[in-house]
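# Inside the fold
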2 protein chains.
Amino acid sequence: MLKLTKKADYGLIALKYLAEHPETPALSAKDIADAYGIPAQLLAKILQLMTKKGLLRSHAGMNGGYALAREAREISAYEVILAIDGPFFITSCTKGAKSCELTPSCTIKEPLARVNDTIAGVLKSISIQDLAEHEQPGMPANGAAGLVSLRL
Amino acid sequence: MLKLTKKADYGLIALKYLAEHPETPALSAKDIADAYGIPAQLLAKILQLMTKKGLLRSHAGMNGGYALAREAREISAYEVILAIDGPFFITSCTKGAKSCELTPSCTIKEPLARVNDTIAGVLKSISIQDLAEHEQPGMPANGAAGLVSLRL
DNA sequence: TCAGTATACGACCAATTGTGTCGGGATTAC
DNA sequence: GTAATCCCGACACAATTGGTCGTATACTGA
Ligand code: FES
Ligand code: FES
C-alpha cells in the first residue's frame, strides 16, 4: 500500500538517467531499458506518456529518442507520478465524489485530505535533479532541503 | 496510486467511531459496520487484525465487542495502516532486498526512501483523536499541529 | 527512394492485489 | 443451553497493474 507503481518507478529512473546524461541529444527507450533491465516496450509506453504530458521531448528516426523537455531541476517527482499514474488521492473514498457523500456522518475524509496535500507537497519539492545527484554514502549531513508543515 | 486501501480506510473509520463513543464499554463489529454501511464480515476481519496488533481489545459473548486498547490520542494513523496493510514502502523495488540490488547503478531508491520516511512521519503525527475531532467547516485556522522536515 | 531505426498507439493477456463471502469453531453472558 | 459475539482460514470475484504484440507512422542517411 501507499507504494509507487513500477511504472512510476521506471519513469523516475528513466528521467534520472536522462538527467545524468545531459551531453547526449537523445536517448532511445531501448538504451534506457537496457541500462536497467527494464522491459523495453513497457518503458517505451511510459516515455510516450511523459512525452504527451510535456515532460519529455521525443524524436523519431535514427539517433532519435527522448530528451528532457525542461531542466532536471524544473521537473518534480510529483509531475512524473501524476503523468504516469494519474491524479492520486490517499483516501479511497475520494473517487467520484459519490460513494462517500452517502455517509455524511463520516468525517474522516477531511483530515486525510490534508495528509494527501502534505504528501503531494513533499513530492513536489523533489526534482529529478535531486534524484540524479547521488551523494556518496556516509551521510553527508547537508542542510535541510525542504520544510513541510502539516496543519490539522 | 499512493492511496489507502479500503481496508485501512475502514479501519480508521472504525477507530474514529470508537473514539467518538468512549462511554460505551464495547461496540460490536456489526454495530460499526451498520453505522457506515460497511460489509460487516469484512470489517470484522479488520477489527480482528487490529486486535491482534494491540490496537483494540475485544470481548466475546453477549454485549461484547471492541474497545480501544489505548487512548485515542495514543494511536496513530500510521499504526493503523501498518497493522492492516503491513509495512509500506513507497518504492516498488524495496521488496525483498533482492530485485534492485541487481542494478547497483540505480540510485533512485535512496532519495525515495527519505520521502517514504517523511510520509511515515506525517502519518505518525496523526492520531485517531485528530480524526475524531471534526472541526466545523469554515477553516478555523488553528495553529500548525506538526512540522515535518524533509532532508535530502 | 529505400532500408533501417525509432516513436506512437491500441488491443490484448498474465500476474498480482484488493474486496468481499462463507462456514465452522471458540467464548462469554444470561 | 442458547444467543450473541469474536476468531480464523479458505475461497471466489473484481480491479489494478505489469507486460507483450502488432502495426502504423515519422525521421535519417546512404
Ligand atoms: S470514508 Fe469517505 S468520507 Fe469517510
Ligand atoms: S529501482 Fe530499485 S534501486 Fe533503482
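Residues numbered from 1 in each chain as written. Chains lettered and ligands numbered in written order. Predicted model: local features only at pLDDT ≥ 70, side-chain atom pairs only at ≥ 80, totals over all residues. Heavy atoms only, no water.

## Some remarks on the overall build of chain A
Short version of the rule: Each helix is a run of DSSP H or I of at least 4 residues and each strand a run of E of at least 2, with the numbering of both proceeding from the N terminus. A 1.4 Å probe rolled over the protein chains alone gives each residue an accessible area, and that area as a share of the maximum for its type sets the label: buried under 20%, exposed over 50%, partly exposed in between. By definition, residues are in contact when any of their heavy atoms lie within 4.5 Å. Areas reported as accessible are Shrake-Rupley estimates using a 1.4 Å probe. Residue values count occlusion only from the protein chains shown.
For chain A, the helix and strand inventory stands at 6 helices and 3 strands. When the elements of chain A are put in sequence order from the N terminus, they spell out α-α-α-β-β-α-α-α-β. Here chain A, with 152 residues, has 47% of them falling under the buried criterion. Counting contacts in chain A only where the partners sit at least 6 residues apart, residues at least 24 apart contribute 63% of the total. Per element, the accessible surface of chain A, about 7,800 Å² overall, is 55% carbon and sulfur.

## Quick look at the protein's contact with DNA strand C
Using the following cut-off: We call a residue near a molecule or strand whenever a single non-hydrogen atom of that residue lies within 4 Å of it. Distance and chemistry together define a polar contact, namely a pair of N or O atoms within 3.5 Å, with one atom able to donate a hydrogen and the other to accept it when in protein, and with adjacent residues in sequence counting only for side-chain atoms on both sides.
Taken together, the neighbourhood of DNA strand C is formed by 23 residues, with Ala-29, Gln-48, Ser-58 and Tyr-66 of chain A together with Lys-6 of chain B sitting nearest. Here, DNA strand C places atoms within 4 Å of the protein, and 67% of those atoms are sugar or phosphate. At a separation of 3.3 Å, a base nitrogen of DNA strand C approaches a polar side-chain atom of Lys-45 of chain A. Residue Tyr-66 of chain A places a side-chain N or O atom 3.0 Å away from a phosphate oxygen belonging to DNA strand C.

## Let's talk about helix H1 (residues 6-20) of chain A
Residue and element names in this part refer to chain A. Operational definition: To estimate the expected span of a helix, count its residues, drop one, and scale the result by 1.5 Å.
Relative to the 21 Å expected for 15 residues at 1.5 Å per residue, H1 spans 21 Å between its end C-alpha atoms, a close match to the ideal helical length. In terms of burial, H1 is a largely internal element, 12 of the 15 residues being buried. Listed as buried for H1 are Ala-8, Asp-9, Tyr-10, Gly-11, Leu-12, Ile-13, Ala-14, Leu-15, Lys-16, Tyr-17, Leu-18 and Ala-19.

## With respect to the protein's contact with DNA strand D
Here is the rule: Basically, the charged four are Asp, Glu, Lys and Arg, the nonpolar ten are Ala, Val, Leu, Ile, Met, Phe, Trp, Tyr, Cys and Pro, and anything else, Gly included, counts as polar.
Contacts to DNA strand D come from 24 residues, most closely from Lys-6 and Lys-45 of chain A together with Ala-29, Ser-58 and Tyr-66 of chain B. Considering DNA strand D, the proportion of its atoms within 4 Å of the protein that are sugar or phosphate atoms stands at 67%. Lys-45 of chain B places a side-chain nitrogen or oxygen 3.1 Å from a base nitrogen of DNA strand D. Between DNA strand D and Ser-58 of chain B, the relevant distance is 2.6 Å, taken from a phosphate oxygen to a side-chain nitrogen or oxygen of the residue. Here the surface near DNA strand D is composed, by residue class, of 9 nonpolar, 11 polar and 4 charged.

## With respect to the pairing of strand S1 (residues 56-59) of chain B
All names here are of chain B. Counted only if it meets this: The pairing criterion is simple: DSSP has to find at least two bridges between the two strands.
Note that S1 and strand S2 (residues 65-68) share 4 bridges and pair antiparallel. Each residue of the ladder has a partner; that of Arg-57, found in S2, is Ala-67. Between S1 and S2, which pair antiparallel in sequence order, lie 5 residues; one of them, Gly-61, sits at a positive phi of approximately 90°.

## A few points about unusual backbone geometry
Trans peptide bonds make up the majority, and among non-glycine residues the majority have a negative phi. Backbone geometry at Asn-63 of chain A places phi at a positive 55°, although glycine is not the residue there. Along the polypeptide, Asn-63 of chain A turns up in the loop between strand S1 (56-59) and strand S2 (65-68).

## Digging into the pattern of salt bridges
Residue and element names in this part refer to chain B. Put simply, the rule reads: Put simply, a salt bridge is a Lys or Arg side-chain nitrogen that is within 4 Å of an Asp or Glu carboxyl oxygen.
The final tally for this structure, using the stated rule, is 8 salt bridges over all chains. Across the pair Glu-20 and Lys-16 runs a salt bridge, and its minimum N-O distance is 3.4 Å. Of the two residues, Glu-20 and Lys-16 both sit in helix H1 (residues 6-20), 4 residues apart, roughly one turn of that helix. Here Glu-20 falls in the partly exposed class, since its relative accessible area comes to 26%. For Lys-30, the salt bridge goes to Asp-34, with nearest N and O atoms at 2.8 Å. Taken together, the positions of Lys-30 and Asp-34, both in helix H2 (residues 29-36) and 4 residues apart, correspond to about one turn of that helix. When its relative accessible area of 51% is taken as the criterion, Asp-34 is described as exposed.

## Here we look at the packing of H1 of chain B against H2 of chain B
The description of two packed helices rests on the angle between their axes and on the distance between the axes. Residue and element names in this part refer to chain B. As a reminder of what qualifies: In this description, a line fitted to the C-alpha atoms serves as the axis of each element, helices being fitted only across the stretch in contact, and the angle between N-to-C directions of two axes falls anywhere from 0 to 180 degrees. Angles are sorted into four bins: roughly parallel if under 35 degrees, roughly antiparallel if over 145, roughly perpendicular if 65 to 115, and oblique for all others.
Between H1 and H2, the shortest axis-to-axis distance is 10 Å and the interhelical angle comes to 105°. By the angle between their directions, the pair H1 and H2 is classed as roughly perpendicular. Counted together, Ile-13, Ala-14, Lys-16, Tyr-17, Leu-18 and Glu-20 of H1 and Ile-32, Ala-35 and Tyr-36 of H2 form the full contact between these two elements. Taken together, the residues that form the contact of H1 with H2 break down as 7 nonpolar, no polar and 2 charged.

## Quick notes on the packing of aromatic side chains
Residues and elements named next belong to chain A. The line we're drawing: Centres within 6.5 Å make a pair out of two Phe, Tyr or Trp rings, where for Trp the six-membered ring is used; the pair is then stacked when the planes are under 30 degrees apart, edge-to-face when over 60, and tilted otherwise. We call a charge positioned above a ring when the Lys NZ or Arg CZ atom is no farther than 6 Å from the ring centre and deviates by at most 35 degrees from the ring normal.
Applying the stated criterion to the full structure yields 2 aromatic pairs over all chains. Judged by centre distance (5.4 Å) and plane angle (80°), the rings of Tyr-17 and Tyr-36 are edge-to-face. Here the residue Tyr-17 occupies a position in helix H1, and Tyr-36 occupies one in helix H2 (residues 29-36), the gap between them amounting to 19 residues. Classification of Tyr-36 as buried rests on a relative accessible area of 9%. Over the ring of Tyr-78 we find Lys-124, and its NZ or CZ is 4.6 Å from the ring centre.

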